[in-house]
Amino acid sequence: ECLAGHPERTDALLLLGAIYYQRGDLAKSLQANVEAIERDPSFAEAHSNMANALKALGDLDGAHASYLKAISLKPTFMDAHNNLAALCMSRGQLPQAESIFQ
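One structure accompanies this document, and this report is about it. (Residues numbered from 1 in each chain as written. Predicted model: local features only at pLDDT ≥ 70, side-chain atom pairs only at ≥ 80, totals over all residues. Heavy atoms only, no water.)

Once that is clear, we can look at the nonpolar core. Counting 24 residues, the largest nonpolar core has Ala46, Ala63, Tyr67 and Leu84 as its most contacted members. The dominant element in this core, judged by the number of residues it contributes, is helix H4 (residues 44-56), at six residues. For Leu84, the contacting residues outside a window of four places in its chain are His64, Tyr67, Leu68, Ile71 and Ile100. (Core = buried A, V, L, I, M, F, W, Y, C linked by side-chain atoms within 4.5 Å. Buried < 20%, exposed > 50% of the residue type's maximum accessible area, 1.4 Å probe, protein only. Helix = DSSP H or I, 4+ residues; strand = E, 2+ residues; numbered from the N terminus. Contact = heavy atoms within 4.5 Å.)

Turning our eyes to something else, we now look at the environment of Ala63. With respect to the secondary-structure elements, Ala63 resides in helix H5 (residues 60-73). Residue classification places Ala63 among the buried positions, given a relative accessible area of 0%. Between the C-alpha atom of Ala63 and that of Met50, which follows or precedes it by 13 residues, the distance is 7.4 Å. Setting aside residues no more than four positions away along its own chain, Ala63 makes contact with Ala51, Leu54, Lys55 and Leu87.

Below, the structure written as structure tokens:
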């Protein structure tokens, strides 16, 4: 209902994506975040949440790129930094993870 009356509410799409993610519906989570980014390409939180969905779907390169985009848009976004570092660690990229944490 919120989106039907206010399609500019990218924050509602972000929350919808988070709900789908928590329910395990990764495809819908990804789509909600893609829609939020289409409406506002500078929405760092949507890029980060999209990265979370991509990571869960096994697209680690896509997740990496999306975390980097979120960080480039909002350098102080610590969740994106932490998630990127964790992703690097899981891929055995320890020097990259260490530099992110520093």
